[in-house]
Amino acid sequence: MDSSGDKRKRKKQLERWRTRVSFSASLPDDVSGAFADSICVVKYSREPFWEIRESILEMIRTVGVKDWKEMEELVYCYMVLNPSEVHRFIKDAFLSLCLSLEM
């Protein structure tokens, strides 16, 4: 059985894992235009849909996405930078934003 010290240690390690950030990702060479100078941050999340949605909104506001072509390039960046297990969250987040913008 675990002691309370072991439980606290595991909890602290888990919390560090959840909030760690890495700057190891880089954009593909074929990304140009508005996103070419962007910095990629790897983040581990318990709520990937909301985190990705907020990240997309931040990119739209910061970079100033002007047209559908730039939005497609942003989608491409997210898809290329993330593993296939995350693609459904990316798709859902983009669709959610597109639907909210149409209203």
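Above this note sits the structure.
Here's a quick rundown of the structure.

Rules used throughout
Residues numbered from 1 in each chain as written. Predicted model: local features only at pLDDT ≥ 70, side-chain atom pairs only at ≥ 80, totals over all residues. Heavy atoms only, no water. Salt bridge = Lys/Arg side-chain N within 4 Å of Asp/Glu carboxyl O. Buried < 20%, exposed > 50% of the residue type's maximum accessible area, 1.4 Å probe, protein only. Helix = DSSP H or I, 4+ residues; strand = E, 2+ residues; numbered from the N terminus. Expected span 1.5 Å × (residues − 1). Arc of directions from axis to C-beta. Polar contact = N/O pair within 3.5 Å; in protein donor to acceptor, adjacent residues only side chain to side chain. Core = buried A, V, L, I, M, F, W, Y, C linked by side-chain atoms within 4.5 Å. Phe/Tyr/Trp six-rings, centres within 6.5 Å; stacked < 30°, edge-to-face > 60°. Lys, Arg positive; Asp, Glu negative; His and termini not counted. Contact = heavy atoms within 4.5 Å.

What follows concerns the pattern of salt bridges. Per the counting criterion, the structure on display carries 2 salt bridges. Residue glutamate 70 is joined to lysine 66 by a salt bridge in which the shortest nitrogen-to-oxygen separation is 4.0 Å. For aspartate 92, the salt bridge is made with lysine 91, and the minimal N-O distance between the two is 3.5 Å. On the basis of relative accessibility, which here comes to 46%, the residue lysine 91 falls in the partly exposed class.

Attention now goes to helix α3 (residues 68-81). Taking 1.5 Å as the rise per residue, α3 with 14 residues should run 20 Å; its terminal C-alpha atoms sit 20 Å apart, in good agreement. Listing the buried residues of α3 in full gives Glu70, Met71, Glu73, Leu74, Cys77 and Tyr78. Looking straight down α3, one finds that the buried residues subtend no more than 160 degrees of arc, so they occupy a single side. Away from the buried face of α3 by more than 90 degrees, exposed residues Trp68 and Lys69 are located. If you check the start of α3, you find a side-chain oxygen 3.2 Å away from the backbone N of lysine 69, and it comes from aspartate 67.

Turning our attention to the nonpolar core. In summary, soluble globular proteins display a tendency toward joint burial of nonpolar side chains. Counting residues in hydrophobic clusters, the biggest one holds 14 residues, and the most contacted among them are Ile52, Ile56, Leu74, Tyr78, Ile90 and Phe94. The set of elements that each furnish at least two residues to this core consists of α2 (48-64), α3 and α4 (87-102).

Now for the packing of aromatic side chains. In total, this model carries 2 aromatic pairs according to the counting rule given. With a centroid separation of 4.7 Å and 80 degrees between ring planes, the pair formed by phenylalanine 49 and tryptophan 50 is classed as edge-to-face. Judged by centre distance (5.9 Å) and plane angle (80 degrees), the rings of tyrosine 78 and phenylalanine 94 are edge-to-face. Placement of the pair is tyrosine 78 in helix α3 and phenylalanine 94 in helix α4, with a sequence separation of 16 residues. Like phenylalanine 94, tyrosine 78 is buried.

All right, on to the side chain of arginine 53 then. Position of arginine 53 relative to the elements: it lies in helix α2. Nearest to the buried, unbridged arginine 53 among oppositely charged side chains is glutamate 54, at 4.6 Å. Those residues in contact with arginine 53, other than ones at most four positions away along the chain, are Ala93, Ser96, Leu97 and Ser100.

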